[in-house]
Amino acid sequence: TNGERVLVSTGECFKFSDPAVRFVEERDIEAVANLFRLNYSETYPAPEVYDGRWVKRSIYGEEVICLVIEENGEVLATGAVMLDYGDHNDQIGELARLVVHSERTGARLGSRIINALFEAAGENVEFAFGRTRTANTFSQEVMGRAGFAPVGFLPQYLPHSGTRESAIFVEKLHGNGAALRSDELPQVIPEIAPLAKHVLASMNLSRVLLVVNECPAYDDGMSYAVQPLDRASLARLLRIERGRLVEPLMFGSVSLEHGYYHIRRRNVAY
């Protein structure tokens, strides 16, 4: 209540460093929709931001952290981090749905939202990324001030106003991301080595790579059978290693595929 959210593991309310920041609530549905209308009219490519589905998903889903900045009773900015628990994307957060009031662009609202998002994400995110349209210089500036570095260009990637626009891909290491990096050299094929070196340098990591000329996708000595998916085969698939997680089965309503930090927050035991 009152912009606070109870943490499941401790029963305590989360407090933001910025007193104007709080978690999104259902009463914000129209205010959030209005922010997107002020900036995009009705052309934002995710229509769920207009009808309330996005706000409800953010409140009741475990995979989204969505915040707003409210000052003097008016919602001036919103943004989200989208999480992906329990697979190879575990502890990766996507910065998304970032928008500020079009007449309040000098109040550093975007930077404040981004800082608060990763304050709330805490240990759940070790690598953060985002995408922005090449035409949206405001988002590029805000992400740059927040420490995001451009690492890629995606031509004709995002739908916008009945056409498609190119996008810039940005990223940053967060939390323990750098400390937990493997000591083994990354292996890449020659065609992507220049891009890989640029990405590593943007994260202040070593540009040293192991370039391999041949990298077979599958072991040619193996045979494979293709068959329809059923309940028995699905059970076996759930036991395939996913990132750091093996045998994602536990007692109770939480499984290892939810991700280590999600489980720790809930004080789950085997």
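Residues numbered from 1 in each chain as written. Predicted model: local features only at pLDDT ≥ 70, side-chain atom pairs only at ≥ 80, totals over all residues. Heavy atoms only, no water.

### Examining the pattern of salt bridges
And then number 1: A complete count under the given rule lists 14 salt bridges for this structure.
And then number 2: E71 is the partner of R112 in a salt bridge, and the nearest nitrogen-oxygen pair spans 2.9 Å. Of this pair, R112 sits in helix α4 (residues 109-121) while E71 sits in strand β2 (residues 64-71), and the two are 41 residues apart along the sequence.
And then number 3: According to the relative accessible area criterion, E71 is partly exposed, its value standing at 29%.
And then number 4: Where salt bridges share partners, they join E48, R57, E63 and R97 into one cluster. (Salt bridge = Lys/Arg side-chain N within 4 Å of Asp/Glu carboxyl O. Helix = DSSP H or I, 4+ residues; strand = E, 2+ residues; numbered from the N terminus. Buried < 20%, exposed > 50% of the residue type's maximum accessible area, 1.4 Å probe, protein only.)

### Some details on the packing of aromatic side chains
And then number 1: This structure, assessed with the given rule, holds 6 aromatic pairs.
And then number 2: On the basis of an interplanar angle of 55 degrees and a centroid distance of 5.2 Å, the ring pair of F16 and F23 is categorised as tilted. Each of the two residues, F16 as well as F23, counts as buried.
And then number 3: Look at Y40 and Y44: their rings are 4.9 Å apart centre to centre, the planes differ by 65 degrees, and that puts the pair in the edge-to-face class. Each member of the pair, Y40 as well as Y44, carries the same accessibility label: buried.
And then number 4: Put simply, the rings of F36, Y40 and Y44 touch in pairs and so form one group of aromatic residues.
And then number 5: Sitting over the ring of W54, R97 keeps its end group 4.7 Å from the ring centre. (Phe/Tyr/Trp six-rings, centres within 6.5 Å; stacked < 30°, edge-to-face > 60°. Lys NZ or Arg CZ within 6 Å of the ring centre and 35° of its normal.)

### Considering the sheet that holds strand β6 (residues 149-160)
And then number 1: Here 7 strands make up an open sheet; going across it, the order is β1-β2-β3-β4-β5-β7-β6 and the pairing mixed. Of all the strands in the sheet, just β1 (21-23) and β6 have a single pairing partner and so form its edges. Taken over all neighbouring pairs, the strand axes of this sheet differ in orientation by 30 degrees on average, direction set aside.
And then number 2: Pairing geometry for strand β3 (residues 74-83) and strand β4 (residues 92-100), over 6 bridges, is antiparallel. Bridge pairing in β4 places A80 opposite A96.
And then number 3: Together, β1, β2, β3, β4 and β5 (127-133) form the strand contacts of α4, whose direction differs from that of β2 by roughly 135 degrees. (Pairing = 2+ DSSP bridges. Axes fitted to C-alpha atoms, helices over the stretch in contact; angles between N-to-C directions. Contact = heavy atoms within 4.5 Å.)

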